[in-house]
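# Residue-level structural notes
Okay, here's what each chain looks like letter by letter:
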Amino acid sequence: MPTSQRLNVTLSIGEAVNSYPVWVYKDTQLSCPDGVMITQSVQEALSALKSGGCVFLTPHANEIHFPQSIQAQFTTDFWSVGTFAGQSGFMGCMMDPEHPVFRDFPTEFHSNWQWWPMCRGRAVILPDDIQPIITGLDCYARMRHMGMLVEARVGKGKLMLSSMGLLETQEYPEVRAMTRSILNYMGSGEFIPDQVLSDKTISELVR
């Protein structure tokens, strides 16, 4: 199979017909493109960015590493946060399927079943002027500006920041495909972030 793709399986019994989406991914070894650094350490990332590096920062997806975040979940809240206030409020993801970061990871503009492992990471509460590649949708009662994948220029360097916990969930083929798609994009000439993040902001968002 040359590319990862979504397929539809259709079953029919008499006049009853139903269709089911199935995502199929290339089973290739994960490799990092030349010139791209993968790290879970914000200190290593900031050091490499100062030297003009291209960094994929993907720490463990927990509250310790992302202090300004909420727990993501695949399903929406039960009833409402107004009735059951202990819920995080996460209501799924939204993204632009035409963004080149998804070239090897077929998706719609919203999360579907292939997003299940990634939607158990953290949704980071971002400054209003930072636009994420993957937006975390908040409940109507809170409406926080959140993201799970952000690209930015940091000094002389280029940063991709993930809060999806990709490295610790590589047993899932969809996670391996998402990681590979991100790295392929970062290793291409298309990875030219136009928004800027400061060292200070990164240190506030990631520990």
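For the structure given in this document, a descriptive report is provided here.

About the cut-offs
- Residues numbered from 1 in each chain as written.
- Predicted model: local features only at pLDDT ≥ 70, side-chain atom pairs only at ≥ 80, totals over all residues.
- Heavy atoms only, no water.
- Helix = DSSP H or I, 4+ residues; strand = E, 2+ residues; numbered from the N terminus.
- Rg over C-alpha atoms; globule rule 2.2 N^0.38 Å.
- Buried < 20%, exposed > 50% of the residue type's maximum accessible area, 1.4 Å probe, protein only.
- Contact = heavy atoms within 4.5 Å.
- Lys, Arg positive; Asp, Glu negative; His and termini not counted.
- Charge placed at Lys NZ, Arg CZ, Asp CG, Glu CD.
- Pairing = 2+ DSSP bridges.
- Polar contact = N/O pair within 3.5 Å; in protein donor to acceptor, adjacent residues only side chain to side chain.
- Disulfide = S-S within 2.5 Å.
- Phe/Tyr/Trp six-rings, centres within 6.5 Å; stacked < 30°, edge-to-face > 60°.
- Core = buried A, V, L, I, M, F, W, Y, C linked by side-chain atoms within 4.5 Å.

### Some details on the overall build of the protein
Looking only at helices and strands, the protein features 3 helices and 10 strands. Ordered by position from N to C terminus, the α and β elements of the protein give β-β-β-α-β-β-β-β-β-β-β-α-α. In terms of C-alpha radius of gyration, the protein reaches 18 Å, essentially the compact-globule figure of 17 Å for 207 residues. Principal-axis analysis of the C-alpha atoms places the extent of the protein at approximately 65 × 50 × 25 Å. The proportion of buried residues among the 207 residues of the protein is 47%. Long-range contacts, defined here as pairs at least 24 residues apart, represent 62% of the contacts in the protein between residues at least 6 apart. When the 15 positive and 21 negative side-chain charges of the protein are each reduced to one mean point, those points stand 5 Å apart.

### Considerations on the environment of Arg-120
Summarising the element assignment, Arg-120 is placed in the loop between strand 6 (93-95) and strand 7 (122-125). Assessed through its relative accessible area of 38%, Arg-120 is described here as partly exposed. Through-space distance from the C-alpha of Arg-120 to that of Tyr-185 is 23 Å; in sequence the pair is 65 residues apart. The contacts of Arg-120, once residues within four sequence positions are left out, are Gln-71, Ala-72 and Tyr-172.

### Regarding the pairing of strand 1 (residues 5-13)
Of the strand pairs in this sheet, strand 1 and strand 2 (residues 16-24) are connected by 9 bridges, and their pairing is antiparallel. Paired with Leu-11 across the two strands is Asn-18, which belongs to strand 2. What sits between the antiparallel neighbours strand 1 and strand 2 is a turn of 2 residues, in which Gly-14 has the positive phi angle 60 degrees.

### Points about the side chain of Gln-114
Tracing the backbone shows Gln-114 in the loop between strand 6 and strand 7. A polar side-chain atom of Gln-114 sits 3.0 Å from the main-chain carbonyl oxygen of Pro-106. In this structure Gln-114 touches Trp-23, Tyr-25, Phe-105, Pro-106, Thr-107 and Glu-174, once residues within four positions along its chain are discounted.

### Looking at the state of the cysteines
Under the criterion given, the structure shown has 0 disulfides. Looking at Cys-119, it has no disulfide partner, and the nearest cysteine sulfur is the one in Cys-93, 3.6 Å off. With no disulfide of its own, Cys-139 lies closest to Cys-93 among cysteine sulfurs, the gap being 15 Å.

### A short note on the packing of aromatic side chains
Inspection of every chain in the model, using the stated rule, returns 7 aromatic pairs. Their ring planes at 80 degrees and their centres at 5.2 Å tell us that Phe-105 and Trp-115 sit as a pair that is edge-to-face. Of this pair, Phe-105 sits in the loop between strand 6 and strand 7 while Trp-115 sits in the loop between strand 6 and strand 7, and the two are 10 residues apart along the sequence. In this structure Phe-105 comes out as buried when scored by relative accessible area, which is 0%. Taking the relative accessible area as the measure of exposure, Trp-115 reaches 0% and is therefore buried. Each residue in the set Tyr-25, Phe-102, Phe-105 and Trp-115 is aromatic and connected to the rest through ring pairs, giving one cluster.

### Considerations on the nonpolar core
Ranked by size, the top nonpolar core spans 34 residues in total, and within it Trp-115, Ile-134, Met-160, Met-164 and Ile-182 carry the most contacts. Mapped by element, the contributors of at least two residues to this core are strand 4 (54-57), strand 6, strand 9 (146-154) and helix 2 (173-186). Of the residues forming this core, the biggest block, 7 residues, is contributed by helix 2. Non-local contacts of Met-164, meaning those with residues more than four positions away in its chain, are made with Ala-61, Trp-115, Met-118, Gly-121, Ile-134, Met-148, Leu-149, Met-178 and Ile-182. Counting 20 residues, the second-largest nonpolar core is a separate cluster that includes Val-42, Ala-152, Leu-161 and Val-206.

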